[in-house]
Every structure is written in C-alpha cells, then in structure tokens.
Amino acid sequence: TTALFENWFLNCFILQARYYCRKNNIPFMILLILNNAPGYPQHNRNIHSDVKVIYLQLNIITLIQPMDQGAIAAFKDTFAQAVETTECD
C-alpha cells in the first residue's frame, strides 16, 4: 500500500542510503528506480531533495527481467490449456 511504501521510504530507505553514503565517503545523491506498482505514490518524485525517484513505463519490467518473461509465458500456456480443457464443443 501507499502508506507502507512511504513508511519504508522515509524510515528505512533514506536512513540506510544515507548511512551507506556516509560510510563510503560519497555524496548523498540517490536515484531510485521503481516500476509502476499501484502502491508507489507518484508524489515521491519530490519527497526528499537528495533522492530522485523515477518510474519505469508500464509493463517494462517483463522486458528487462527474463525470468518474468518465462513465468508469464508458462502461466499463459497453462491457462490456455485449462480453458481449452473446460470448453464444451
């Protein structure tokens, strides 16, 4: 949900990212790339001045994650077989 994501973003992600940057002596400037899941509020783009949030286009994840492609293809095949089996002639 949006509330869970915002809580994680502010209370976990920001704190851990800041700690990592400080520990590695690098500037705290973060790029967070998210997919377009419904629980990600679009206003997070400006939620923190040192964190830039960008959202991937819809359905792009299946193109860049080959395992997702296989899982989706397997589901479609199984679903098509189930429909074919239950259809009456």
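Within every chain, residues take consecutive numbers counted from 1 along the sequence as written. This being a predicted model, a pLDDT of at least 70 is required before a residue's local features are given, and a value of 80 or more before pairs of side-chain atoms are given or counted; all residues contribute to the totals for chains, interfaces and linings. Heavy atoms throughout the structure, all of them, feed into the side-chain values; hydrogens and water do not.

Things to note about the overall build of the protein
Stage number 1. Secondary structure is summarised from DSSP: a helix means a run of H or I of at least four residues, a strand means a run of E of at least two, and numbering begins at the N terminus for each. From N to C terminus, the protein includes three helices and two strands.
Stage number 2. Element order for the protein, N to C, with α for helix and β for strand: α-β-β-α-α.
Stage number 3. Summary of the burial criterion: residues with accessible area below 20% of their type's maximum are buried, those above 50% are exposed, and those between are partly exposed, where the area comes from a 1.4 Å probe applied to protein chains only. Considering the protein as a whole, with its 89 residues, one finds that 19% of them fall into the buried category.
Stage number 4. Residue pairs in contact within the protein that sit at least 24 positions apart in sequence constitute 28% of those at least 6 positions apart.
Stage number 5. Method for areas: the Shrake-Rupley scheme with a 1.4 Å probe, in which residue coverage is limited to the protein chains shown. For the protein, the exposed area adds up to about 7,100 Å²; of that, 59% sits on carbon and sulfur atoms. The contact definition used throughout considers only heavy atoms, calling two residues in contact when any of these lie within 4.5 Å.

Some remarks on the environment of A3
Stage number 1. For A3, the position within the fold is in helix α1 (residues 2–23).
Stage number 2. When the C-alpha atoms of A3 and G39 are compared, they prove to be 8.1 Å apart, with 36 residues separating the residues in sequence.

Description of the packing of aromatic side chains
Stage number 1. Pairing of aromatic side chains here covers Phe, Tyr and the six-membered ring of Trp, requires ring centres within 6.5 Å, and sorts the geometry by plane angle: under 30 degrees stacked, over 60 edge-to-face, intermediate tilted. Here the structure, examined in full by the defined rule, presents four aromatic pairs.
Stage number 2. Over the ring of F28 we find R18, and its NZ or CZ is 4.9 Å from the ring centre. Here, a charge over a ring is recorded when the distance from Lys NZ or Arg CZ to the ring centre is within 6 Å and its angle to the ring normal is within 35 degrees.

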